Amino acid sequence: MINITEKTFKIYILAVMLLVPIGELITELFQNPFASQPIIISFAGIIGVILVFLHFFLNRERKFLNKKTDVFYLLLFFFMIISLIFSRDLDNTLHSYLNGFYMNETPFHFAAYYSLFFAATMISDYKDKLKIIIAYLGVALLQGVIGVFQSLGYRITDCVFDADLHKEGNLVFGLTEHQNWFAGLSILLVGCCIGVFVFYDSLIKQVPTKITAKLYHAGQIAILILLVIIFYCSICTSARIAWVGNIALILFYYVSFAIVYKNSEDKVLIKKYFVRLLIATGLIIVVFIWILFSRDMIISEINKTSDEINEGSSQLGSLRGYIWKSGLNVVPRYPLTGIGLDNYIWCFYHNTDPLWLEKNDYYVQWKGHNEYIHTLVTEGIPALINYLALLFYAAYSAIKKVLSNDDFEQRAITWILFSMFTG
């Protein structure tokens, strides 16, 4: 009989994590970027829903909705369906003419996100969590190597969006379709590398095979090098989200160390890990200073930010302020259902803002460029409340485990994953 267990969901998560960048690499070698990702994510959505259904159908002991995460999973789909039913432009919401091969996301993609979330809630064995962290390191290595070459002007193929901008500045976009997207991904990878370096010996204890002293130290140095590479790539995106995300990561680690140190009985161990955090931070600062003086992208972005502030809130963040205002402008008209799943572009064509009416040649955007505003505008207030509640619940659960778990090896894994979540 088929049995959908924790191992099944672990394989599902690892498969999606690795297939997306590897698939992109293969298609780029044939000069066909962004050809595999929408397909892989769509299949992940279909397979994910099937796995969840079979898990409950075949496992009589596991009743649906007996865990808070089950409720969140159900509500995510519920609000997605509501936004589909009440979409102001169903054809645009379904993206039947694009099928995910642009910036758009189809319902199958959302099903993948929700199913990956559910699959993650099924991973309780810390060795399985460690394998997922190792997979993140693998992704960091692949993306980092590609990114370093891109920063030097060597690309397998041009970036899908804003190709001229990327070529002009040798911006890093990795195996994604834009430097902003890679910047978001790189924050997760930086957080992972910092955590693995800091808690290295605690993680190694959970590896079943014996490791020689030379291999042990070589592995630790390799993680430190990987951290330098992925942080370098993160800043070389020139995306300001990378600055904010990396600063948040570093602050998280220092604040969390201070809290844990205060409540810990083994302060010597915490001090040892804190020294490693100082080493990682020092290297990050050195890399940032080197980029500051070797490339003009940091100064350029600082000047750009200053100009945007002086020009008004609508100009802030490369017209992000304008994008956010355009979306928020339609919320009072459709507060409960939103304007339709991933249908953000609709709000630009139905904007009552005097600025839009006066100058209707302003560009339009497919995305809200803010996860929370995008959810609010496209799916409504209840959907946003559910999403925020999910995030707060995840944070609460992680904090509780970090502070209360007596097994430091297990605590370290939760700590690393929580740092990535925070970033």
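Note that the structure is predicted; figures quoted are calculated from it, not measured.

### Quick look at the overall build of the protein
Check the secondary structure of the protein and you find 19 helices and zero strands. At 22 Å, the protein has a C-alpha radius of gyration in line with the 22 Å of a compact globule built from 423 residues. If you line up the protein on its principal axes, its C-alpha atoms span 70 × 60 × 50 Å. Across the 423 residues in the protein, those meeting the buried criterion constitute 51%. Excluding contacts between residues fewer than 6 apart, the proportion of contacts in the protein whose partners are at least 24 apart in sequence is 71%. Looking at the protein as shown, the accessible area adds up to about 20700 Å², and 68% of this sits on carbon and sulfur atoms. Treating the 32 positive side-chain charges of the protein as one cloud and the 32 negative ones as another, the clouds have centres 11 Å apart.

### Description of the side chain of Ser202
With respect to the helices, strands and loops of the structure, Ser202 is situated in helix 9 (residues 200–204). If we skip the residues at most four places from it in the chain, Ser202 touches Tyr273, Phe408, Glu409 and Ala412.

### Considering helix 3 (residues 68–85)
With 18 residues, helix 3 should reach 26 Å at 1.5 Å per residue; the first-to-last C-alpha distance of 26 Å fits that figure. Three or more residues of helix 3 are buried, namely Thr69, Asp70, Phe72, Tyr73, Leu76, Phe77, Phe79, Met80, Ile82, Ser83 and Leu84. For helix 3, the secondary structure elements touched by its buried residues are helix 2 (37–58), helix 4 (90–94), helix 5 (107–121), helix 17 (371–379) and helix 18 (381–404).

### Some remarks on the packing of aromatic side chains
Tallied over the full model, the rule gives 28 aromatic pairs. Ring plane angle 65° and centroid distance 5.7 Å describe the contact between Phe9 and Phe118, whose orientation is recorded as edge-to-face. A residue pair is termed long-range when its members are at least 10 positions apart, and Phe9 in helix 1 (residues 6–29) and Phe118 in helix 5 qualify at 109 residues. Exposure class is identical for Phe9 and Phe118. Each is buried. Centroid distance Tyr232 to Trp290: 6.0 Å. Interplanar angle 40°. Geometry classified as tilted. Here Tyr232 is found in helix 10 (residues 213–235), whereas its partner Trp290 is found in helix 12 (residues 267–294), with 58 residues between them in sequence.

How each quantity is defined
Residues numbered from 1 in each chain as written. Predicted model: local features only at pLDDT ≥ 70, side-chain atom pairs only at ≥ 80, totals over all residues. Heavy atoms only, no water. Helix = DSSP H or I, 4+ residues; strand = E, 2+ residues; numbered from the N terminus. Rg over C-alpha atoms; globule rule 2.2 N^0.38 Å. Buried < 20%, exposed > 50% of the residue type's maximum accessible area, 1.4 Å probe, protein only. Contact = heavy atoms within 4.5 Å. Areas by Shrake-Rupley, 256 points an atom, 1.4 Å probe, with all protein chains shown as cover. Lys, Arg positive; Asp, Glu negative; His and termini not counted. Charge placed at Lys NZ, Arg CZ, Asp CG, Glu CD. Expected span 1.5 Å × (residues − 1). Phe/Tyr/Trp six-rings, centres within 6.5 Å; stacked < 30°, edge-to-face > 60°.

None of this, on its own, says anything about what the molecule does.
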